[in-house]
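Inside the fold
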Amino acid sequence: MTKSADSRQDKATTTAPAPHVPPLAGVWATLTCLVAALSLSWPALGGKLLLPMWSDQFKAGFAFRDFARQYWLDHGAIPQWNPYLWGGLPFVDAMHGDTFYPTALLRLLIGTGPGMTWGLVIHLFLAGCFTYAFLRACRLSFFPALVGAVAYQMAGNIAGLVSPGHDGKIFVATLLPLALLLVLRGMRDGKHWAWGPLAIVVGLTVLSPHPQLLQYMLLLTGAFVLFTWRGWASDVDDERPTPRAGLTRLGFAFGAIAVGMLIGAIQFYPVIGYTPWSPRSGGIAGGYEAATSFSLPPEEMLNFALPQFSGILLDYWGRNGIHLHSEYVGVAVLILAACAFGGWGASAHRRLVWFLTGTLVVSLLWALGGNTPFYRLVYALVPGTKFFRAPSTMLYIVAFSFATLAAFGAERLLRGSVRRGVVLGLGGILMCLGLAGASGMLSNSALNRTVPELAERILAAEPALKAGAVRMMLFVVLACAAALLTGTRRLSRDLAGALLVVLVGADLWTVVRQYFVFTPPASELFATDPLIDFLQKQPGPFRVIALPPQRGNYNDIYLDDLRFAGLMAHRIPVVMGYHGNHIGKYDLLIGEAPAYQNRANPNFWRLANVRYFVSDEADLPIEGAKRVLGPVKDLAGNDVFVHEVPGASSYAWVTPVIVRANEAAAARAVLDPRFDVRRAALFDSSANVTGTSLEALPEPLGIQARVTRYLPGSATIELDRAAPAGSALVVSENYYPGWQATVDGKPATTGIADVSLIGVALPEGARKVELTFVNGPYATGRMLTWIAVIVSLVAWAVGTIATRRRASRG
């Protein structure tokens, strides 16, 4: 067939009646998306949790969220201070997950573990529903829209994110099609009611809180606003807004986005103030190289069609070191996406296909990160990029682009507008890839192109690659057969449409189901054991250093306080913990990553109030350390021991003098084992205190500072005798603006002491010190959030009234 003849066929077929839309189409689509989500997550119905041992949720997410939930139940408020990790850090400012996202309410209602799991499942379901609604708004018929919905919600880079526990990414990915739907309703259709909901959706995305994926979502949403503003015509009557109306809608759209950003003020206004205190204050350490870490290696684009190429989950052997999600797009989706290209009777559809294609190309180049020069432009021009790493997180936009293109391809197939050569050509390429995988050619190629150290892992993954290649070829054959049967009208349109939906879902399910690793309830995952029982019985407050296991179970949630925050789940403070955004000054005390060498420094133990070492070693190379427990079996089955460090630990102590010093000099002094931290408080030069010039350090006062009340963010400390003039109280808690002190009921001066701790200047005769953390930026951010929410709701109501009045006029 000639090109002109093919064009005439396209024009003829695109004017054919659309496939039948069943009654209650929205209900059927909702049920389909629900079945798709439950087909992957049905064990949750029996109380199982999505907390695999390698996930961020297991390592720390549960501890963060359970602390917030319990604090709310006890105090009716959001916690403002987390004393359990890294010497203490602000809870909101340093970010501890979805504190203000609706999933927090779910955890309050049904418990931390079930709330976390069902939050993920519900969002996978909603991702399909929102994509279906968006595609129907794009005027695709029922089955093509459903193809796109299932393709997106079950895509490897959406559903597969449950494996690493990246809930914030799933939240943003879910809200993306809803944001685009609202833009479409407002910009193309002139529905003024859409602007209020758009602001709320953007606000929810901000509160997810995943700033990197938020950035990508805003970029795509802004691009789509501009795309629709350029006059994307109605497919029905080709009406275009007047230039004035178009500019008005454009202003409303970006105004809604701005208000939505303000909704997130309760989370991000405190974050802005915290940024100078964060280890990432100048951007992620390592510059461009660090910002491009976890880029998508070009060879791993083969995972779009053959996900076993670089190994699944713990069998991964590729260049990124860790790879707990999937890039799998689906061979059926790829074939359908290829069918999207060709003549369209409606120019709006054609332009949208090219917009999605451009989105796919840009997002794929972005995901490749440092592997192409393109990311140099991104790093130089896009604000915020220097604070992020893992450009490959842009792959959720790639997944969305493929899924929506597949929906347009299904539309063309059902209308008989696709040439057989397109299907057979791509099918043949995919079959060649499958044969290369099944024959061992891909494994041999990988062996020849990677470092010898990976050879063993590549060979170990080869059987799975061969089996995966056979599976892929089976679905290529099925997808090509379904496409050809649909295109030749040998099946009814409804039957063909249903077949495409089932085929896309089955193809993705056979791969993505491997990422849904379910675990027992939290009562078993984080159960108490003799170690926890012992530590909880000891009078506090104190901190623990939990060393990595040297034998037995390496994934021990209660050992290795850098890889896990398991002890926080039982409210046991550790000197480090799995977080990544602690107060940067604390690094000067504990030592630089990855060694953190000062954990072996007795002065650090005194400053950090370290009382115990926990390890699986019966003896520690610490002179004077006393074994007080062990061996006992912990939750992971390891034999563990507890050693008490020599010297008396204390949460607070009184020094006879105050000395002002710059940060570097203070760090050198307080970490010198010859320096007795109880003989002088080294306040930062910026502190509003009066210092003393010394030729020699005075003797310690011997005043005992007893903690009589201790809660996250507050403490009461009583001295056993009156403090002399010029003395200071040093508290083993990181200083951060917001810490306030009263001495005997009167306000007192606080500041940074001994590099990162809280220092309180004591007046003569001081006996009682009360410390409270008051988060001013949080209060301001909360006020701004409520204002923005009210504005959004008012805009929604006013827009609804305006839309109805316009409709009534005709």
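Scroll up to find the structure this text is about.
Bear in mind that the values here come from a model prediction, so they are computed numbers and not experimental data. (Residues numbered from 1 in each chain as written. Predicted model: local features only at pLDDT ≥ 70, side-chain atom pairs only at ≥ 80, totals over all residues. Heavy atoms only, no water.)

1. Brief notes about the overall build of the protein
Scanning the protein from N- to C-terminus turns up 27 helices and 17 strands. Here the protein has a C-alpha radius of gyration of 30 Å; the compact-globule value for 810 residues is 28 Å, and the two agree. Along the first, second and third principal axes, the C-alpha atoms of the protein reach 100 × 65 × 50 Å. Of the contacts made within the protein by residues no fewer than 6 positions apart, 76% connect residues no fewer than 24 positions apart. Total accessible area on the protein stands at roughly 31900 Å², and carbon and sulfur atoms take up 62% of it. Each charge class in the protein can be summarised by its mean position, and for the 65 positive and 52 negative side chains these summaries are 13 Å apart. (Helix = DSSP H or I, 4+ residues; strand = E, 2+ residues; numbered from the N terminus. Rg over C-alpha atoms; globule rule 2.2 N^0.38 Å. Contact = heavy atoms within 4.5 Å. Areas by Shrake-Rupley, 256 points an atom, 1.4 Å probe, with all protein chains shown as cover. Lys, Arg positive; Asp, Glu negative; His and termini not counted. Charge placed at Lys NZ, Arg CZ, Asp CG, Glu CD.)

2. Considering the packing of helix 20 (residues 455-487) against helix 21 (residues 493-512)
Where helix 20 meets helix 21, the closest approach of the two axes is 10 Å, and the angle between their N-to-C directions is 170 degrees. Judged by the inter-axis angle, helix 20 sits roughly antiparallel to helix 21. Residue-level contacts link Arg471, Phe475, Leu478, Ala479, Ala482 and Thr486 of helix 20 to Ala496, Leu499, Leu500, Leu503, Ala506, Asp507, Thr510 and Val511 of helix 21. In terms of residue class, the contact of helix 20 with helix 21 is made up of 10 nonpolar, two polar and two charged. (Axes fitted to C-alpha atoms, helices over the stretch in contact; angles between N-to-C directions. Parallel < 35°, antiparallel > 145°, perpendicular 65-115°, else oblique. Nonpolar A, V, L, I, M, F, W, Y, C, P; charged D, E, K, R; others polar.)

3. Some thoughts on the sheet that holds strand 4 (residues 610-615)
Strand order in this open sheet of four strands is 3-4-6-5, and the pairing throughout is mixed. With partners counted over all chains shown, the strands left at the sheet margins are strand 3 (543-546) and strand 5 (626-633), one partner each. Averaged over all adjacent pairs, the angle separating strand axes in this sheet is 20 degrees, with direction ignored. Across four bridges, the pairing between strand 4 and strand 6 (residues 639-644) is antiparallel. Bridge assignment links serine 615 to a residue of strand 6, and that residue is phenylalanine 641. Running at roughly 145 degrees to strand 5, helix 23 (residues 530-537) makes contact with strand 3, strand 4, strand 5 and strand 6 of the sheet. (Pairing = 2+ DSSP bridges.)

4. Points about the nonpolar core
Residues Tyr396, Phe526, Phe604, Leu729 and Leu762 are the most contacted members of the largest nonpolar core, which totals 266 residues. In terms of residue count, helix 17 (residues 395-414) provides more of this core than any other element does, 15 residues in total. Excluding residues within four positions of it along the chain, leucine 729 makes contact with Ala652, Trp653, Val654, Ala705, Ile717, Leu719, Ile758, Gly759, Val760, Leu762 and Val769. Judged by nonpolar contacts, the second largest core, of five residues, contains Trp54, Ile312, Leu313 and Tyr515. (Core = buried A, V, L, I, M, F, W, Y, C linked by side-chain atoms within 4.5 Å. Buried < 20%, exposed > 50% of the residue type's maximum accessible area, 1.4 Å probe, protein only.)

5. Looking at the sheet that holds strand 13 (residues 739-743)
Strand pairing in a sheet takes place through backbone hydrogen bonds and is either antiparallel or parallel in direction. The five strands are arranged 10-11-17-13-14 in an open sheet whose pairing can be described as antiparallel. In this open sheet, the two strands that pair with only one neighbour each are strand 10 (705-711) and strand 14 (746-748). Each strand axis lies, on average, 25 degrees off the axis of its neighbour in the sheet, ignoring direction. Pairing of strand 11 (residues 714-719) with strand 17 (residues 768-773) involves five bridges; the strand directions are antiparallel. In the strand pairing of strand 17, threonine 716 is matched with glutamate 770.

6. Some words on the state of the cysteines
Applying the stated criterion across every chain, the model contains zero disulfides. Unpaired in this structure, cysteine 138 has its nearest cysteine sulfur neighbour in cysteine 33, at a distance of 15 Å. Residue classification places cysteine 138 among the buried residues on the basis of a relative accessible area of 0%. Cysteine cysteine 432 shares no disulfide, and the gap to the nearest cysteine sulfur, in cysteine 480, comes to 12 Å. By relative accessible area, which is 52% here, cysteine 432 ends up exposed. (Disulfide = S-S within 2.5 Å.)

7. Thoughts on the pattern of salt bridges
Side chains that differ in charge, positive against negative, can pair when their charged atoms come close. Applying the stated criterion across every chain yields a total of 21 salt bridges. Ionic pairing is found between aspartate 507 and arginine 471, a salt bridge with its closest N-O pair at 2.9 Å. Taken together, the residues aspartate 507 in helix 21 and arginine 471 in helix 20 connect sequence positions 36 residues apart. As far as burial versus exposure is concerned, aspartate 507 and arginine 471 are alike and both buried. Arginine 679 is paired through a salt bridge with glutamate 699; the nearest N and O atoms lie 3.3 Å apart. Taken as a pair, arginine 679 in the loop between helix 26 (663-670) and strand 9 (681-684) and glutamate 699 in the loop between strand 9 and strand 10 lie far apart in primary sequence, 20 residues in all. Beyond isolated ion pairs, a larger network of salt bridges with shared partners links Arg65, Asp98, Arg107 and Asp167. (Salt bridge = Lys/Arg side-chain N within 4 Å of Asp/Glu carboxyl O.)

8. A few points about the side chain of aspartate 754
On the secondary structure map, aspartate 754 appears in the loop between strand 15 (750-753) and strand 16 (757-761). Within the buried set, aspartate 754 has no salt-bridge partner at all; the shortest N-O distance to an opposite charge, 8.3 Å, is to arginine 678.

9. Regarding unusual backbone geometry
Each neighbour pair has its own omega, and for glycine 540 with proline 541 the value is 0 degrees, a cis peptide bond. Omega for the bond connecting alanine 593 with proline 594 falls within 30 degrees of zero, at 0 degrees, which places this linkage in the cis form. Along the chain, proline 594 falls in the loop between helix 24 (586-590) and helix 25 (602-608). With a phi angle near 60 degrees, arginine 571 is a residue other than glycine that sits in the positive phi range. Residue position: arginine 571 is located in the loop between strand 3 and helix 24.

10. Quick word on helix 12 (residues 265-274)
Here helix 12 lies mainly inside the structure; seven of its 10 residues are buried. Listing the buried residues of helix 12 in full gives Ala265, Ile266, Gln267, Phe268, Pro270, Val271 and Tyr274. In this structure, the buried residues of helix 12 make contact with strand 2 (89-90), helix 9 (195-206), helix 10 (211-229), helix 11 (243-263) and helix 27 (776-809).

11. Side note on the environment of methionine 394
Along the chain, the position of methionine 394 falls in the loop between helix 16 (374-381) and helix 17. Taking the C-alpha atoms as reference points, methionine 394 and glutamate 644, separated by 250 residues in sequence, lie 47 Å from one another. Among all residues touching methionine 394, those that are not within four sequence positions of it are Tyr216, Ser363, Trp366 and Ala367.

12. Focus: the packing of aromatic side chains
With the rule as written, the count across this model stands at 38 aromatic pairs. Between tryptophan 86 and tyrosine 596 the ring centres are 5.8 Å apart and the planes differ by 65 degrees, which places this aromatic pair in the edge-to-face class. Placement of the pair is tryptophan 86 in the loop between strand 1 (81-82) and strand 2 and tyrosine 596 in the loop between helix 24 and helix 25, with a sequence separation of 510 residues. You'll find tryptophan 86 and tyrosine 596 in the same group, each marked buried. A connected cluster of aromatic rings, assembled from ring pairs, spans Trp81, Tyr274, Trp277, Tyr735, Tyr736, Trp739 and Phe773. When the ring centre of tyrosine 288 is taken as origin, the NZ or CZ atom of arginine 376, which lies over that ring, is 3.7 Å away. Taking the ring centre of tryptophan 509 as reference, the NZ or CZ of arginine 513 above it sits at 5.2 Å. (Phe/Tyr/Trp six-rings, centres within 6.5 Å; stacked < 30°, edge-to-face > 60°. Lys NZ or Arg CZ within 6 Å of the ring centre and 35° of its normal.)

13. Notes on the pairing of strand 4
The element strand 4 is extensively covered by neighbouring structure, given that six of its six residues are classed as buried. With four bridges connecting them, strand 3 and strand 4 associate as parallel partners. The partner of arginine 543 across the bridge, within strand 4, is valine 610.

14. Here's the deal with helix 18 (residues 420-439)
Along its 20 residues, helix 18 runs 28 Å from first to last C-alpha, staying within 8% of the 28 Å computed at 1.5 Å per residue. For helix 18, the full list of buried residues reads Val423, Leu426, Gly427, Leu430, Leu433, Gly434, Ala436 and Gly437. (Expected span 1.5 Å × (residues − 1).)

15. Topic: the packing of helix 10 against helix 11
Relative orientation of the contacting elements helix 10 and helix 11 amounts to 170 degrees, with a least axis distance of 10 Å. Our classification of the angle between helix 10 and helix 11 gives roughly antiparallel. Judged by the twist between their axes, the crossing of helix 10 over helix 11 is right-handed. Taken together, the residues of helix 11 that come into contact with helix 10 (itself represented by Leu218, Thr221, Gly222, Val225, Leu226 and Trp229) are Gly246, Leu247, Leu250, Ala253, Phe254, Ile257 and Met261. For the contact of helix 10 with helix 11, the per-class residue count stands at 10 nonpolar, three polar and no charged. (Left-handed = near helix turned anticlockwise from the far one by under 90°.)

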